[in-house]
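# Examining the three-dimensional arrangement
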Amino acid sequence: MTEQAAALRNGTSLDAACEAVAQAWNAQDQHDRRTENMKFKRNELIRRRGF
């Protein structure tokens, strides 16, 4: 969002900024769906790494 706000201030069209935000939102949503069932495994791996 910060990048797109700066891009708008520098002359990027509103349509391009909205499209970039929509694509980023969609990519994050897809990533979250893929990793939803892996929450326990991910937390377990992080704990075992010593973080």
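Since we're looking at a predicted model, the values are computed, not measured. Counting of residues starts from 1 at the beginning of each chain's written sequence and follows it residue by residue. Owing to the predicted nature of the model, reporting of local features is limited to residues with pLDDT of at least 70; listing and counting of side-chain atom pairs is limited to 80 or more, with chain, interface and lining totals taken over all residues. Heavy atoms from the whole structure form the basis of all side-chain values; hydrogens and water molecules are not counted.

### A closer look at the overall build of the chain
Secondary structure assignment for the chain yields 3 helices and 0 strands. When a residue's accessible area, from a 1.4 Å probe over protein chains only, is under 20% of the maximum for its type it is buried; when over 50% it is exposed; and in between it is partly exposed. Within the chain, buried positions represent 10% of all 51 residues. Computed with the Shrake-Rupley method and a 1.4 Å probe, the accessible areas treat only the protein chains shown as cover for residues. Accessible area of the chain: about 4,800 Å², with a carbon and sulfur share of 54%. Only runs of H or I of at least four residues qualify as helices and only runs of E of at least two qualify as strands under DSSP, and these elements are numbered from the N terminus.

### A closer look at the confidence of the model for the chain
Taken as a whole, the chain shows an average pLDDT of 81; of its residues, 71% reach a score of 70 or greater. Every residue carries a pLDDT, the predictor's confidence in it, which falls somewhere between 0 and 100. Highest mean pLDDT in the chain belongs to helix H1 (residues 2-9) (91); lowest belongs to helix H3 (residues 39-49) (63).

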